[in-house]
Amino acid sequence: MKKIVLQNGLIGGLIVASTMLISVYKCYAEQNFEPSYVIGFGGMFLAFLFVFIGTKQYRDYTESSITFGKMFKVSFLITLIIATIYVVAWMIVYKNFFPDFMEKFADISIKKLQDSGADAQAITAKTAEMNQMKEWYKNPLSVILLTYMEILPLGLVISLISALVFMKKRK
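Note that the coordinates shown come from a computational prediction; the quantities given were computed from them, not determined experimentally.

Conventions we followed
- Residues numbered from 1 in each chain as written.
- Predicted model: local features only at pLDDT ≥ 70, side-chain atom pairs only at ≥ 80, totals over all residues.
- Heavy atoms only, no water.
- Core = buried A, V, L, I, M, F, W, Y, C linked by side-chain atoms within 4.5 Å.
- Buried < 20%, exposed > 50% of the residue type's maximum accessible area, 1.4 Å probe, protein only.
- Helix = DSSP H or I, 4+ residues; strand = E, 2+ residues; numbered from the N terminus.
- Contact = heavy atoms within 4.5 Å.
- Patch = residues over 30% accessible without salt bridge, like charges linked within 9 Å, V, L, I, M, F, W, Y side chains within 5 Å.
- Areas by Shrake-Rupley, 256 points an atom, 1.4 Å probe, with all protein chains shown as cover.
- Salt bridge = Lys/Arg side-chain N within 4 Å of Asp/Glu carboxyl O.
- Axes fitted to C-alpha atoms, helices over the stretch in contact; angles between N-to-C directions.
- Parallel < 35°, antiparallel > 145°, perpendicular 65-115°, else oblique.
- Nonpolar A, V, L, I, M, F, W, Y, C, P; charged D, E, K, R; others polar.

Caption draft 1: How the structure looks around the nonpolar core. One finds F48, I82, W90, F101 and I151 to be the most contacted residues of the largest nonpolar core, which totals 48 residues. At the level of elements, α1 (2–30), α2 (34–61), α3 (68–96), α4 (101–115), α5 (120–136) and α6 (140–166) are the ones that each hand at least two residues to this core. Counting residues per element, this core draws most heavily on α3, at 13 residues. Setting aside chain neighbours within four positions, we find I151 in contact with V16, M44, F48, I82, A83 and Y86.

Right, dumping it as structure tokens:
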């Protein structure tokens, strides 16, 4: 089980970290976050394919029946490795290459809202939200938790689906 979990978790983690690097670079180069979202979430979906692959590999490796709980454990461990690599990669990139990320993100988000013709109340609310995010980004623990919250909910859903699809019932 360990080999299957590590192998698939590391491959998925490398994929999600690579696509995250590409998406962050694109958002800085183009001053636009829309393509970055597509690349980033596309990379997450591609990485999470390895949850399915690993869970299926484990099912095929095991001859006896496998409960939902055991399959969920395997799939979630793969997800956790993928998410942790994503978080570590983001912390390295953020601290070393894009320490002004949240400032730029806030500026671009507010400018986009202003350009769309939003009313003053919406702009004020967005500004308050962005200021709160800037405060959270001053604390490394908050950055880690926020980054896990980007990827773990999707990973949890994929883990649940994978466990349901690949569990073996007794014959």
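Let us keep going from here.
Caption draft 2: Representation of the environment of D119. Within the fold, D119 resides in the loop between α4 and α5. In this structure, the C-alpha to C-alpha distance between D119 and G155, residues 36 residues apart in sequence, is 36 Å.

Caption draft 3: Structural view of a nonpolar patch on the surface. Residues F68, L156, L160 and L164 make up a contiguous nonpolar surface patch of roughly 320 Å² in combined accessible area. Tracing the chain through its elements places L156 in helix α6.

Caption draft 4: Fine view of the packing of α1 against α2. For the pair α1 and α2, interaxial distance at closest approach is 8 Å and the crossing angle is 175°. Comparing their axes, α2 and α1 come out roughly antiparallel. Across the contact of α1 with α2, the residue classes break down as 15 nonpolar, 9 polar and 2 charged.

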